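Now for the letters of each chain:
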Amino acid sequence: SLFDTVIDLQRGSTGTRRRRAPVARAIQHLTRTIRGARVLLAEDNPTNQLVAQEFLARMGLVVDVAGNGAEAVERVAQTGYDAVLMDLHMPGMDGLEATRRIRATERGRTLPILAMTAAALAQDREATRAAGMNGHIAKPIDAIELTRGN
């Protein structure tokens, strides 16, 4: 409920109860093939971690959290993830460096890594591609965009 309210406010809307059911059905339909997939969320902000975990869990995903880039590299080396959602700006090792290090490993060569960040400028998108990320999802997250992989 809190999550839905925050998303509604981010979108500038306060009356989306009527639209929620069709969106929820669309998300259910679009995520049916990935339900149960294990993803790593690399995010340093505790509030963003909680919101993203709830959001991803509603999509039927199993979520682990890394609080920084170095921890993300370590977790990928130890665990078989289906995808990584990587914030760009984290203390210590940022998401770009973490992605480069993951890509340098056997396990990380083909692992889907998506930037999930508030950094949405053209140069940010180019930096994510140059680091080896497969896509870029701007915050606030649009549920339909995320499920379609746009």
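Going by the structure above, here's the rest.
These numbers come from a predicted model, not from an experiment.

Looking only at helices and strands, one finds 7 helices and 5 strands in the protein. Sequence-ordered secondary structure for the protein, helices as α and strands as β, is α-α-β-α-β-α-β-α-β-α-β-α. Counting all 150 residues of the protein, 43% fall into the buried class. Here the analysis covers contacts within the protein between residues at least 6 apart in sequence; of these, 60% occur between residues at least 24 apart. With an accessible surface of roughly 8,300 Å², the protein has 52% of that area assigned to carbon and sulfur atoms.

Taken in spatial order, the 5 strands of this open sheet run β2-β1-β3-β4-β5, and their pairing is parallel. In the strand order of this sheet, the two ends are held by β2 (62–66) and β5 (135–138), each with one partner. Direction aside, neighbouring strands of the sheet carry axes that sit 25 degrees apart on average. Sheet analysis places strand β4 (residues 113–117) next to β5, joined by 4 bridges and oriented parallel. The partner of T117 across the bridge, within β5, is A138. Against the sheet, helix α5 (residues 95–103) makes contact with β3 (83–86) and β4, and its axis sits at roughly 160 degrees relative to β3, the strand it touches most.

Conventions used here
Residues numbered from 1 in each chain as written. Predicted model: local features only at pLDDT ≥ 70, side-chain atom pairs only at ≥ 80, totals over all residues. Heavy atoms only, no water. Helix = DSSP H or I, 4+ residues; strand = E, 2+ residues; numbered from the N terminus. Buried < 20%, exposed > 50% of the residue type's maximum accessible area, 1.4 Å probe, protein only. Contact = heavy atoms within 4.5 Å. Areas by Shrake-Rupley, 256 points an atom, 1.4 Å probe, with all protein chains shown as cover. Pairing = 2+ DSSP bridges. Axes fitted to C-alpha atoms, helices over the stretch in contact; angles between N-to-C directions.

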